[in-house]
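# Fold and geometry: a report
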Amino acid sequence: MSRKVYVAGVGMVPFTKPGASETYPLLGAAVIKAALADAGVDYQVVDQVYAGFVYGDSCCGQAAAYHVGLTGIPIVNVNNNCATGSTALWLGRQAVASGEAECVLVVGFEQMQRGAITAHFTDRPDPSQRLLDVMEDTQGRDERAPIAAQLFGGAGRMHMQLYGTRADTFARIAVKARRHAANNPNAIFRDPLTLDEVLASPSVFDPLTRLQCCPPSCGGAAAILCSEAFAKKHWISRLVYIAGQALVTDGNSSFDENDMRKLVGFDMTRRAAQRVYEQSGIGPADVPVVELHDCFTSNELITYEALGLVGDGGAEQFILDGDNTYGGRVVTNPSGGLLSKGHPLGATGLAQCAELVWQLRGQAGARQVDGAKVALQHNLGLGGACVVTMYVKV
């Protein structure tokens, strides 16, 4: 049994720098209430909860949801690295699609610390060790640079080697991100940037400068998923449905080909996207708006190709032609993306969902992509997981 699954409501709070937010239970409770209000339903009608977070002890989901109600329903805590929010969404969609639930709440939140992401459990094997071993074999290791920047910077270097991509092309993505974020009240960084400013910011790992790396962030976002019958019963309008969704993990190519692009999820993205295009009957040429995982400018660039928005090696010209922004072929990250909106790991996938639902409802204000009827989402976590989702306006 597989039923259509609708996004009935979404909620989000403005993302902030570490130390400037509420605590995670209050972040979670705020976005849960916002999503419920947006859908026009009460917590009492929710059958299940899926709560995503990365940095927190067990049962943080309960701590957040208990602020909203104590109804005894199942609450499942989800951690899948940076793809956590979309993994929780994937689980919630399955519950509704299978008939196990009529209404599901999916929430993601994160209360992050300052500085680059590091391992918190140093007395046991690192789950990403295989990935790190391949990185060292392929390009070595720089003890001065954050690991994530070395991984995604290495992917950018690989693209430069293969296709002659220029360093300033990556930097143009950061400029575009700020330009989009200027119209997003939920984004952390809204001031414009020039190309010279991006290139002149301190080097993190060539070709990446500091302004080409997403910041550690705090925040939350949530979505209410439901069946068609539930929507009719509760008079829910402004519906968007999930026309296709895929969660994939690494294959042999991630580790066996010494290709830094594949090590950071290029092939995961391509396989997930192909499945979603087949499920939905909608191809990349038909998509006017995308929220994709731009943790670093280099990842946005290679993801254009992995999603099939442009052919292999075509990303640089795609950027130079302005086809990745308003007035071009597809508006990428109208929210400002992770680079400017912020990246609270557990919340990111659901913030992407909220942005695309607002786009399809025509509620995105100055960020609105005119006439958008379908939208594509891409959320990636190293270690690894990739979720791609296609949304369609009812």
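What you see is a predicted model; the values in this text were computed from it and never measured. (Residues numbered from 1 in each chain as written. Predicted model: local features only at pLDDT ≥ 70, side-chain atom pairs only at ≥ 80, totals over all residues. Heavy atoms only, no water.)

### Digging into the pattern of salt bridges
One pass over the structure, following the stated rule, counts 16 salt bridges. Its salt-bridge partner being Arg172, residue Asp168 comes within 3.1 Å of it at the nearest N-O pair. Separated by 4 residues within a single helix, Asp168 and Arg172 lie in helix 6 (residues 167–181), roughly one turn from each other. Look at Asp168 and you get buried, because its relative accessible area is 17%. Overall, the relative accessible area of 32% leaves Arg172 in the partly exposed class. (Salt bridge = Lys/Arg side-chain N within 4 Å of Asp/Glu carboxyl O. Helix = DSSP H or I, 4+ residues; strand = E, 2+ residues; numbered from the N terminus. Buried < 20%, exposed > 50% of the residue type's maximum accessible area, 1.4 Å probe, protein only.)

### Overview of the state of the cysteines
Under the defined criterion, the tally for this structure stands at 0 disulfides. Cys353 takes part in no disulfide bond, and the closest cysteine sulfur to it belongs to Cys226, at a distance of 12 Å. A residue is classified by how much of its surface remains accessible, and Cys353, at 0% relative accessible area, is buried. (Disulfide = S-S within 2.5 Å.)

### Points about the side chain of Asn379
By secondary structure assignment, the location of Asn379 is in strand 11 (residues 374–381). Classification of Asn379 as buried rests on a relative accessible area of 0%. At 2.9 Å, the side chain of Asn379 and the side chain of Ser86 are in polar contact. Within the structure, the side chain of Asn379 is placed 3.1 Å from the side chain of His293, a separation counted as a polar contact. Excluding anything up to four places from it in sequence, Asn379 contacts Cys82, Ala83, Gly85, Ser86, His293, Thr348, Gly349, Gln352, Ala385, Cys386 and Val387. (Polar contact = N/O pair within 3.5 Å; in protein donor to acceptor, adjacent residues only side chain to side chain. Contact = heavy atoms within 4.5 Å.)

### Comments concerning the nonpolar core
The tendency in soluble globular proteins is for nonpolar side chains to be buried side by side. Ranked by internal contacts, the top residues of the largest apolar core, which has 89 residues, are Tyr43, Tyr304, Leu307 and Leu376. Setting aside residues up to four positions removed in sequence, Leu376 forms contacts with Val276, Tyr277, Val287, Val289, Val290, Glu291, Leu307, Leu356, Val388, Thr389 and Met390. Counting 36 residues, the second largest nonpolar core, distinct from the first, contains Val7, Ala223, Trp358 and Ala375. (Core = buried A, V, L, I, M, F, W, Y, C linked by side-chain atoms within 4.5 Å.)

### Some points on the packing of helix 4 (residues 129–139) against helix 5 (residues 147–163)
Put simply, helix 4 and helix 5 touch, their axes get as near as 11 Å, and they point 55 degrees apart. Between helix 4 and helix 5, the crossing angle belongs to the class labelled oblique. As helix 4 packs across helix 5, the resulting crossing turns out to be left-handed. Residues Leu131, Leu132, Met135 and Gln139 of helix 4 lie in contact with helix 5, whose contacting residues are Ile147, Gln150, Leu151 and Gly154. When the residues that make up the contact of helix 4 with helix 5 are grouped by side-chain class, the tally is 5 nonpolar, 3 polar and no charged. (Axes fitted to C-alpha atoms, helices over the stretch in contact; angles between N-to-C directions. Parallel < 35°, antiparallel > 145°, perpendicular 65-115°, else oblique. Left-handed = near helix turned anticlockwise from the far one by under 90°. Nonpolar A, V, L, I, M, F, W, Y, C, P; charged D, E, K, R; others polar.)

### Quick word on the packing of helix 5 against helix 12 (residues 297–306)
Across the interface, helix 5 lies against helix 12 with an axial gap of 8 Å and an inter-helix angle of 55 degrees. In terms of axis orientation, helix 5 runs oblique to helix 12. Crossing of helix 5 against helix 12: the hand is left-handed. Along the contact surface, helix 5 presents Phe152, Gly153, Ala155, Gly156, His159 and Tyr163, while helix 12 presents Ser298, Asn299, Leu301, Ile302 and Glu305. In the contact of helix 5 with helix 12, the residues fall into 5 nonpolar, 5 polar and 1 charged.

### Focus: the packing of aromatic side chains
Evaluated as defined, the whole model comprises 5 aromatic pairs. Seen from their ring centres, Tyr304 and Phe318 are 4.9 Å apart, and the 65 degrees between their planes marks the pair as edge-to-face. Taken together, the residues Tyr304 in helix 12 and Phe318 in helix 13 (residues 315–320) connect sequence positions 14 residues apart. Among the aromatic residues, those joined into a ring-pair cluster are Tyr24, Phe53 and Phe109. Here the basic side chain of Arg261 rests over the ring of Phe266, its NZ or CZ set 5.0 Å away from the ring centre. (Phe/Tyr/Trp six-rings, centres within 6.5 Å; stacked < 30°, edge-to-face > 60°. Lys NZ or Arg CZ within 6 Å of the ring centre and 35° of its normal.)

### Here we look at the pairing of strand 4 (residues 103–111)
Note on strand geometry: in a regular strand, side chains alternate between the two faces of the sheet. In terms of residue burial, strand 4 counts as a mostly covered element, since 8 of its 9 residues are buried. In the sheet, strand 2 (residues 48–52) pairs with strand 4 via 5 bridges, with the strands oriented parallel. Each residue of the ladder has a partner; that of Gln48, found in strand 4, is Val104. The pairing of strand 4 with strand 7 (residues 218–226) spans 9 bridges and is classified as antiparallel. Counted as the bridge partner of Glu110 is Gly219 from strand 7. (Pairing = 2+ DSSP bridges.)

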